[in-house]
Amino acid sequence: MTDKPPSPDMSPEEFREWGHRFVDWVADYLAHPERYPVLSQVKPGDIRRQLPPAPPLKPEPMEAMLGDLDNIIVPGITHWNHPAFFAYFAVTGSGPGILGELLSAGFNVNGMLWRTSPAFTELEEHVLDWLRQMLGLPPDFKGIVYDTASTSTFHALAAAREAITGYDVSEQGIAGPDAPRLRMYTSSQAHSSVDKAAMAIGLGRRGIVKIPVDREFRMDPVALEAAIKTDLADGWKPFCVSATIGTTSTTSIDPVAEIAEICRRYGLWLHVDAAYAGAAAILPEMRWILEGCENADSFVMNPHKWLFTPVDFSAFYCRRPDVLKRAFSLTPEYLKTAEGDSVTNFMDYGIQLGRRFRSLKFWMVVRYFGVEGLQARIREHIRLGKLFASWVAADSRFEVAAPAPFSVVCFRLKADDAANQKLMDRVNASGKIFISHTRLNDRLTLRFAIGNLRTTEDHVRMAWDLIGEFRGQTPNS
Ligand SMILES: Cc1ncc(COP(=O)(O)O)c(C=O)c1O
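Residues numbered from 1 in each chain as written. Predicted model: local features only at pLDDT ≥ 70, side-chain atom pairs only at ≥ 80, totals over all residues. Heavy atoms only, no water.

Caption draft 1: Representation of the overall build of the protein within the structure. From N to C terminus, the protein includes 15 helices and 11 strands. For the protein, the C-alpha radius of gyration of 24 Å lies close to 23 Å, the compact-globule estimate for 477 residues. Taken along its principal axes, the extent of the C-alpha atoms in the protein is 80 × 70 × 45 Å. Taken across its 477 residues, the protein has 52% of its residues classed as buried. Long-range pairs, those at least 24 residues apart, make up 74% of the contacts in the protein between residues at least 6 apart in sequence. Split by element, the accessible area of the protein, about 22600 Å² in all, is 55% carbon and sulfur. Where the 52 positive side-chain charges of the protein centre and where its 57 negative ones centre are 4 Å apart. (Helix = DSSP H or I, 4+ residues; strand = E, 2+ residues; numbered from the N terminus. Rg over C-alpha atoms; globule rule 2.2 N^0.38 Å. Buried < 20%, exposed > 50% of the residue type's maximum accessible area, 1.4 Å probe, protein only. Contact = heavy atoms within 4.5 Å. Areas by Shrake-Rupley, 256 points an atom, 1.4 Å probe, with all protein chains shown as cover. Lys, Arg positive; Asp, Glu negative; His and termini not counted. Charge placed at Lys NZ, Arg CZ, Asp CG, Glu CD.)

Next up, the structure:
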């Protein structure tokens, strides 16, 4: 009798066994993230030093990998799924979202064309229409999933440039003698991804004008219009404004309705970056934050920030999908299909050809929690944010540094930058919580961001007590 040849892949039996072990591992991890320091305490190089310099020549047992996961990888993880993660924008990879990721890895489909998986394309179109309804955006906003808001904004700017009448950039390029000197506008508080997108499409730093903000860190529409007029007089070609709902530092809200009116008057493309705060618009009482967005040409929000969907998932909407398609559509012979224009081929709407099946996890998140469940969780985060802000405001040693309309609070010790830096370093080194910082009015400012599903009022209270305790140990304050 001959031996059975080894299975070319992990056998179904082995996959089942290890699948159960790994799901158990993740379930235990999610049940007790607090046993780990939230901010990884390793030093640069610590992880690589423990890894073999060359790949294994022979198969290794799964058991060894599970062991290394615990011993080498976990100590080098900063735990974004930890309830005391209060840095940057706190996020959640929720249970249904994680299982959705597992399914998309299982299918391993590549959604470049409708026929390369019809369910991929149609589910993506469908769940983005659900999200559009949840946000109260009009039906002519057509959605597509990209990896990140940075990529979404890159596509927005490329479409905005494509929309310029008489400037066929996809054919002529950007370097011809007749190429206009393009200018776009965003606020001094906009995310750096806007600058990066401008650099990537060939505008250069000189092609982007930073508009000043008011005392509440919102773009000043009067200054915007003045900048456009000056540029027109100087021979520039204004073509786009990027407004932000929920800026990265303070979560300020640009006056989109007024900005949209200026864009209409001067024929400019309006892009709205609501990467983090857009999620709050699923609450009826917060819907006002999107006022004016119905007049935007493009809009981005990230379910991977505050809609409990594992990284990565950025929802991009465009009211002129024909223009986006013109900017990116190019079909080599081998990708031509009989369905033609009767279907959506997502490869036509972006720089990527191959695409991951991301909509599956978002579909599962929305169905598992239901819209009302999502609303209740976001509402609770906003409540906790306001509670934290009230504790800061009531403590004479601290000050709230900006309005906090969502679940992020900017605050500082009434002391110099060094004291604030020391306070942040100490609380983070404790491993109990993780907070981050920004610079406002040229002063180091601490940021406290709530966004994890496991965060309760007790965690927020513990964090505030810890900050108070370490403040007492901060000399020079
Ligand atoms: C307002 C805003 N826009 C864009 C981004 C970039 O997001 P992503 O990491 O998805 O590219 C961020 C990141 O925090 C952000 O706060």
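Caption draft 2: Summary view of the site of the ligand. Of all residues adjacent to the ligand, which total 13 residues, the nearest are Ala149, Ser150, Thr248, Asp273 and Asn302. Within the side chain of Ser150, an N or O atom sits 2.5 Å from an oxygen atom of the ligand. In the model, a nitrogen atom of the ligand is placed 2.6 Å from a nitrogen or oxygen of the Asp273 side chain. Contact with the protein chains covers 86% of the free accessible surface of the ligand, which is 400 Å². Most atoms of the ligand, that is more than half of them, are within 2 Å of grid points of the second largest pocket. (Near = heavy atom within 4 Å. Polar contact = N/O pair within 3.5 Å; in protein donor to acceptor, adjacent residues only side chain to side chain. 1 Å grid on protein atoms, 1.4 Å probe; cavity = no way out; pocket = protein on both sides within 12 Å on 5 of 7 lines; lining within 4 Å. Sits in = over half its atoms within 2 Å of the grid points.)

Caption draft 3: Up close: helix H6 (residues 149-162). Across its 14 residues, H6 extends 20 Å between first and last C-alpha, which sits within 8% of the 20 Å expected from 1.5 Å per residue. Across the 14 residues that make up H6, a large majority, 13, are buried. (Expected span 1.5 Å × (residues − 1).)

Caption draft 4: Structural context of the packing of aromatic side chains. The full count for this structure, using the stated rule, is 26 aromatic pairs. Plain terms: the ring middles of Phe388 and Trp464 are 5.4 Å apart, the flat faces sit at 80° to each other, and that makes the pair edge-to-face. Pair noted here: Phe388 is in helix H13 (residues 359-394) and Trp464 is in helix H15 (residues 457-472), with a separation of 76 residues, a long-range link. Using a relative accessible area of 8% as the deciding quantity, one classes Trp464 as buried. Cluster of aromatic residues (ring-pair linked, three or more members): Phe86, Phe388, Phe398, Phe411, Phe448 and Trp464. Across from the ring centre of Trp236, 4.1 Å away, lies the NZ or CZ of Arg181, which sits over that ring. The ring of Trp391 has Arg461 sitting right over it, with the charged end atom 4.0 Å from the ring centre. (Phe/Tyr/Trp six-rings, centres within 6.5 Å; stacked < 30°, edge-to-face > 60°. Lys NZ or Arg CZ within 6 Å of the ring centre and 35° of its normal.)

Caption draft 5: Layout of the sheet that holds strand E8 (residues 398-400). With antiparallel pairing, four strands are arranged side by side in an open sheet as E8-E9-E11-E10. Strands with a single pairing partner mark the edges of an open sheet, and in this sheet they are E8 and strand E10 (436-440). Pairwise comparison of adjacent strand axes, ignoring direction, gives a mean angle of 40° for this sheet. In this structure, E10 lies alongside strand E11 (residues 443-449), joined through five bridges in antiparallel fashion. Among the inter-strand pairings, Ser436 is bridged to a residue of E11, identified as Arg447. Running at roughly 30° to E11, helix H14 (residues 417-429) makes contact with E8, strand E9 (408-413), E10 and E11 of the sheet. (Pairing = 2+ DSSP bridges. Axes fitted to C-alpha atoms, helices over the stretch in contact; angles between N-to-C directions.)

Caption draft 6: Fine view of the nonpolar core. Residues Leu131, Ile245, Leu270 and Phe299 are the most contacted members of the largest nonpolar core, which totals 64 residues. Of the residues forming this core, the biggest block, eight residues, is contributed by H13. Residue contacts for Leu131: discarding those within four places in its chain leaves Met301, Pro303, Leu307, Ala315, Tyr317 and Phe362. Counting residues in hydrophobic clusters, the runner-up holds 34 residues, among them Ile144, Tyr167, Ala197 and Ile201. (Core = buried A, V, L, I, M, F, W, Y, C linked by side-chain atoms within 4.5 Å.)

Caption draft 7: Layout of unusual backbone geometry. Cis peptide bonds are those with omega within 30 degrees of zero, and the linkage from Val311 to Asp312 qualifies with 10°. Inspection of the secondary structure puts Asp312 in the loop between helix H11 (303-306) and strand E7 (314-318). Phi angles above zero are rare outside glycine, and Phe217 is one such case at about 70°. Following the sequence through the fold, Phe217 ends up in the loop between strand E3 (208-211) and helix H9 (221-233). The backbone of Phe308 sits at a positive phi, close to 60°, despite the residue not being glycine. Secondary-structure assignment places Phe308 in the loop between H11 and E7. Residue classification places Phe308 among the buried residues on the basis of a relative accessible area of 0%.

Caption draft 8: Examining the sheet that holds strand E4 (residues 237-244) more closely. On the basis of which strands lie adjacent, the open sheet formed by seven strands has the order E1-E7-E6-E5-E4-E2-E3 and mixed pairing. Since the sheet does not close on itself, it has two edges, and those belong to strand E1 (142-146) and E3, each with one partner. Going across the sheet, the axis of each strand differs from the next one's by a mean of 20°, ignoring polarity. Examined bridge by bridge, strand E2 (residues 182-187) and E3 share four bridges and lie parallel to one another. Paired with Met184 across the bridge in E3 is Ile208. Running over the sheet, helix H5 (residues 118-135) touches E1, strand E6 (298-301) and E7 and is turned about 80° from E7.

Caption draft 9: Spatial organisation of the environment of Asp442. Structurally, Asp442 can be placed in the loop between E10 and E11. A residue is classified by how much of its surface remains accessible, and Asp442, at 61% relative accessible area, is exposed. Sequence separation of Asp442 and Asp417 is 25 residues, and the distance between their C-alpha atoms is 9.6 Å.

On their own, these measurements won't tell you what the molecule is for.
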